[in-house]
Amino acid sequence: VFKDDKLLYYLDGNETRGFNFIKGDVESGVIPVKDPAGQEISLEIITTGREIKTYINDGIPSVDMTIKMTTNIDEQWSAEDIYDEKTLNFLNSEQSEAIKSEVLNVIKKAQERNTDIFGLGDAIYHQHPGKWKDIEDKWEELFPKMKINVNVESKINRTYDIKEPNQYEKKGKKQ
């Protein structure tokens, strides 16, 4: 991360993906989550999008950010049957929390270092040009304290027509 042509700090892999979700630049990737039994599931990112709404109330800016994404089940490490509605809802929730955590971590890092790497000041300017003039000179003070709400709307689209995992029969659950 640079500020005024000076290198300030680096983002790690998860922070970089969180940053890319905020910027709307994620095109593909894999999200590892755990199933209810604690085994790993890999979810392949298919589509992503983001929406940023800014507010200025009494000279205090805030942001509501919504990350939207769809995934497909890519790999399953366990022999558990995860292809029922309850488990898919659980996995969907796990994936939303994983992405939300990545996004919140990079926001926290940027606010602690007072670097608006996401262009939120620019978003406020474009959504509220008249009010931006009142806070523009105070942006360096306001950004680190600004409330940024993050919501992740995710959906597991496909299971590639898998009805049960590979090792399911060996576990003795096949009828």
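For the structure, see preceding data.
Residues numbered from 1 in each chain as written. Predicted model: local features only at pLDDT ≥ 70, side-chain atom pairs only at ≥ 80, totals over all residues. Heavy atoms only, no water.

1. Side note on the overall build of the protein chain
What the protein chain contains, in helices and strands, is five helices and six strands. Along the protein chain, helices and strands appear, N-terminal first, in the series β-β-α-β-β-β-α-α-α-α-β. In terms of overall size, the protein chain is more extended than a compact globule, its C-alpha atoms giving a radius of gyration of 20 Å where 175 residues would be expected to give roughly 16 Å. C-alpha atoms of the protein chain, sized along the principal axes, occupy 70 × 30 × 25 Å. Burial statistics for the protein chain: of 175 residues in total, 41% are counted as buried. (Helix = DSSP H or I, 4+ residues; strand = E, 2+ residues; numbered from the N terminus. Rg over C-alpha atoms; globule rule 2.2 N^0.38 Å. Buried < 20%, exposed > 50% of the residue type's maximum accessible area, 1.4 Å probe, protein only.)

2. Points about the pairing of strand 3 (residues 30–34)
Regular strands have side chains that alternate between both faces of the sheet. Burial along strand 3 is one-sided: the residues Ile31 and Val33 are buried and none of Val30, Pro32 and Lys34 is. Sheet analysis places strand 3 next to strand 4 (residues 40–57), joined by five bridges and oriented antiparallel. Of the residues in strand 4, the one forming a bridge with Val30 is Glu44. Where strand 3 folds back onto strand 4 in an antiparallel hairpin, the turn is made up of five residues, including Gly38, whose phi is positive at roughly 90°. (Pairing = 2+ DSSP bridges.)

3. Considerations on the nonpolar core
Counting residues in hydrophobic clusters, the biggest one holds 41 residues, and the most contacted among them are Met65, Phe118 and Leu120. Contact partners of Leu120, with chain neighbours within four places excluded, come to Ile52, Val63, Met65, Trp139, Phe143, Met146 and Ile148. (Core = buried A, V, L, I, M, F, W, Y, C linked by side-chain atoms within 4.5 Å. Contact = heavy atoms within 4.5 Å.)

4. A closer look at the environment of Glu15
Along the chain, the position of Glu15 falls in helix 1 (residues 13–23). For Glu15, a relative accessible area of 12% puts it in the buried group. Here the alpha-carbon distance between Glu15 and Lys34, two residues 19 residues apart in the chain, equals 20 Å. Leaving out residues up to four positions away in the same chain, Glu15 has contacts with Tyr10, Val106 and Lys109.

5. Some points on the sheet that holds strand 6 (residues 147–158)
Sheet architecture is open: four strands sit in the order 3-4-5-6, paired in mixed fashion. Only two strands of the sheet have a single neighbouring strand rather than two, namely strand 3 and strand 6. When strand polarity is set aside, the average angle formed by the axes of neighbouring strands in this sheet is 35°. Sheet topology note: the strand 4/strand 5 (residues 60–76) ladder contains 16 bridges and is antiparallel. Bridging across to strand 5, Ile56 finds its partner in Pro61. (Axes fitted to C-alpha atoms, helices over the stretch in contact; angles between N-to-C directions.)

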